[in-house]
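Results of the structural survey
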Amino acid sequence: MNGPHDLGGQMGFGPVAPEPNEPYFHAEWEKRALGITLSCGAFGAWTIDESRHARENIPPADYLGASYYEIWTRAVDMLLERHGFATAEELRTGRSLEQGRVPKRILKADMVDGVLAKGGPCDRPVDTAPLFAVGDHVRTKNFNPTGHTRLPRYARAKIGVVEAVQGSFVFPDDNAHGRGENPQWVYTVVFDGMEIWGEGADSSLTVSIDAWESYLERV
């Protein structure tokens, strides 16, 4: 979707300034925010794509004024209420007021290392051959969905070259909204700087994105 989270290539926000020797956490509460997010995700009630879309739906002023882990916790609140694990009043007060939905599974302390090591693979087989091959020129489609998409706004309606065929993976645009995994082939597509940023761009720069097959058309 188009929203405050999709800032790639947008002017007016200043340069990207990586923090030297950045710590994993800047405050103790951030550790708990990560733990809560992982624990709630283990309930099995939503997918990683739905959780991303929840973050995207935070109102723009709130999103842009929040830190990284504040965004995570606000999205978890939204998901817990949506899926019946807590009410808005319970989240506001921090007190359990009624019996909510029972999780499918609980992530216990002795399970964490194994669960994190296993990860959440999203590669899936498909029955069709890839439509594109390395070296093909392709154009990304130009659309502005109200739902979730992994095609960034700055890379829409742009011509690039297929750099790699990565395999087939869950299609997040559907999976975020409960329409099934519907896997597709995924390609790495490389664009030159002029194509992305236009006149005055550094011609030596390139940008690569991973794009699902339905985002692309042949040039």
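Located above this text is the structure these notes cover.
Described below are features of the structure shown in this document. (Residues numbered from 1 in each chain as written. Predicted model: local features only at pLDDT ≥ 70, side-chain atom pairs only at ≥ 80, totals over all residues. Heavy atoms only, no water.)

**A short note on the packing of aromatic side chains**
The way to describe two aromatic rings as a pair is by their centre distance and the angle between their planes. Going through the model one piece at a time under the given rule, you end up with ten aromatic pairs. With 6.1 Å between their ring centres and 50° between their planes, Phe143 and Tyr215 make a pair best called tilted. Here Tyr215 lies in the loop between β4 (206-212) and β5 (216-218) and Phe143 lies in the loop between β1 (137-140) and β2 (159-169), a separation of 72 residues in the sequence. Residue Phe143 is classed as partly exposed on the basis of its relative accessible area, which comes to 23%. The exposure class of Tyr215 is buried, given its relative accessible area of 1%. Here the aromatic residues Phe25, Tyr68, Tyr69 and Trp72 are joined through ring pairs into a cluster of three or more. (Phe/Tyr/Trp six-rings, centres within 6.5 Å; stacked < 30°, edge-to-face > 60°. Helix = DSSP H or I, 4+ residues; strand = E, 2+ residues; numbered from the N terminus. Buried < 20%, exposed > 50% of the residue type's maximum accessible area, 1.4 Å probe, protein only.)

**What to know about the nonpolar core**
Ranked by size, the top nonpolar core spans 18 residues in total, and within it Tyr187, Val189, Ile209, Tyr215 and Leu216 carry the most contacts. When residues of this core are traced back to their parent elements, those giving at least two are β3 (184-192) and β4. When residues in this core are grouped by element, the largest group, five residues, is from β3. Not counting chain neighbours up to four residues away, the residues in contact with Tyr215 comprise Arg139, Thr140, Lys141, Phe143, Thr149, Arg150, Leu151, Phe171, Pro172 and Asp173. Residues Phe43, Leu79, Phe85 and Ala86 belong to the second largest nonpolar core, which totals eleven residues. (Core = buried A, V, L, I, M, F, W, Y, C linked by side-chain atoms within 4.5 Å. Contact = heavy atoms within 4.5 Å.)

**Concerning the layout of surface pockets**
Of the volumes computed, that of the second largest pocket is approximately 260 Å³. If you trace the second largest pocket, you find 15 residues lining it, with Leu80, Phe85, Ala86, Glu90 and Leu91 closest to the centre. Among the secondary structure elements, those contributing two or more residues to the lining of the second largest pocket are α4 (68-82) and α5 (88-93). No other element matches the four residues that α4 contributes to the lining of the second largest pocket. Split into classes, the residues belonging to the lining of the second largest pocket amount to six nonpolar, five polar and four charged. (1 Å grid on protein atoms, 1.4 Å probe; cavity = no way out; pocket = protein on both sides within 12 Å on 5 of 7 lines; lining within 4 Å. Points joined across faces, edges and corners; volume = space filled by probe spheres on them. Nonpolar A, V, L, I, M, F, W, Y, C, P; charged D, E, K, R; others polar.)

Bear in mind that shape data such as this cannot, by itself, settle questions of function.
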